[in-house]
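# Structure at a glance
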Amino acid sequence: QVQLVESGGGLVQAGGALRLSCAASGSIVSINTMGWYRQAPGKQRELVASITTRGITNDADSVKGRFPISGPSAQNTVYLQMNSLKPEDTAVYYCAAGEWTHDYWGQGTQVTVSS
């Protein structure tokens, strides 16, 4: 089993920045990929960005160039640096991890961007 704990969400004005962190623990040796998803009210959960242990990243078009993902660090933490935030980025952000698919999920952290 893998446990994921997110932190770093909050309220920010449009144009501002936040950094989300996701710390993994447990059977982390099995993890090859980690990612961030988000779910806005009334919408489906969508992939924001993902990264493999080889450093291969995948970003959604809506955040490309604004939300670089990095990690995992030596502390098994993945970061999502969110820059130039827009009101449409408001959502609950979830961290996910797994060997080849994202099978483990964190509890989510709220990000609210005011206009």
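Scroll up to find the structure.
The structure displayed is predicted, hence computed values, not measured ones.

### Regarding the pairing of strand β9 (residues 91–98)
The buried fraction of β9 is high, at 7 of 8 residues. Alignment of strand β4 (residues 33–39) against β9, held across 7 bridges, turns out to be antiparallel. Paired with threonine 33 across the bridge in β9 is glycine 98. Pairing of β9 with strand β11 (residues 109–114) involves 3 bridges; the strand directions are antiparallel. Paired with valine 92 across the strands is glutamine 110, a residue of β11. Pairing of β9 with strand β10 (residues 104–105) involves 2 bridges; the strand directions are antiparallel. Bridge pairing in β10 links alanine 97 to tyrosine 104.

### What about the side chain of arginine 38?
Structurally, arginine 38 can be placed in strand β4. Polar side-chain contacts of arginine 38 include one of 2.7 Å to the side chain of glutamate 46. There is a polar contact of 3.0 Å between the side chain of arginine 38 and the side chain of tyrosine 93. Setting aside its immediate chain neighbours within four residues, arginine 38 contacts Gln44, Arg45, Glu46, Val48, Ser62, Val63, Phe67, Asp89, Ala91, Val92 and Tyr93.

### Regarding the state of the cysteines
One way to say it: the disulfide is the covalent bond shared by the sulfur atoms of two cysteines. Applying the stated criterion across every chain, the model contains 1 disulfide. Across the disulfide, cysteine 22 is cross-linked to cysteine 95 (sulfur-sulfur distance 1.9 Å). Taking the torsion about the sulfur-sulfur bond, which here is approximately -80 degrees, the covalent link between cysteine 22 and cysteine 95 counts as left-handed. Taken together, the residues span a long stretch of sequence, with cysteine 22 in strand β3 (residues 18–26) and cysteine 95 in strand β9 at a distance of 73 residues.

### Some words on the pattern of salt bridges
Scanning the model with the defined rule gives 3 salt bridges in all. Among the salt bridges present, the one from arginine 38 reaches glutamate 46, with a minimum N-O distance of 2.7 Å. Since its relative accessible area comes to 34%, glutamate 46 is described here as partly exposed. Across the salt bridge formed by aspartate 89 and arginine 66, the nearest N and O atoms sit 2.9 Å from each other. Taken together, the residues span a long stretch of sequence, with aspartate 89 in the loop between β8 (77–82) and β9 and arginine 66 in the loop between β6 (57–59) and β7 (69–70) at a distance of 23 residues. Salt bridges linked by common partners bring Arg38, Glu46, Arg66 and Asp89 together as one network.

Scoring rules and cut-offs
Residues numbered from 1 in each chain as written. Predicted model: local features only at pLDDT ≥ 70, side-chain atom pairs only at ≥ 80, totals over all residues. Heavy atoms only, no water. Buried < 20%, exposed > 50% of the residue type's maximum accessible area, 1.4 Å probe, protein only. Helix = DSSP H or I, 4+ residues; strand = E, 2+ residues; numbered from the N terminus. Pairing = 2+ DSSP bridges. Polar contact = N/O pair within 3.5 Å; in protein donor to acceptor, adjacent residues only side chain to side chain. Contact = heavy atoms within 4.5 Å. Disulfide = S-S within 2.5 Å. Salt bridge = Lys/Arg side-chain N within 4 Å of Asp/Glu carboxyl O.

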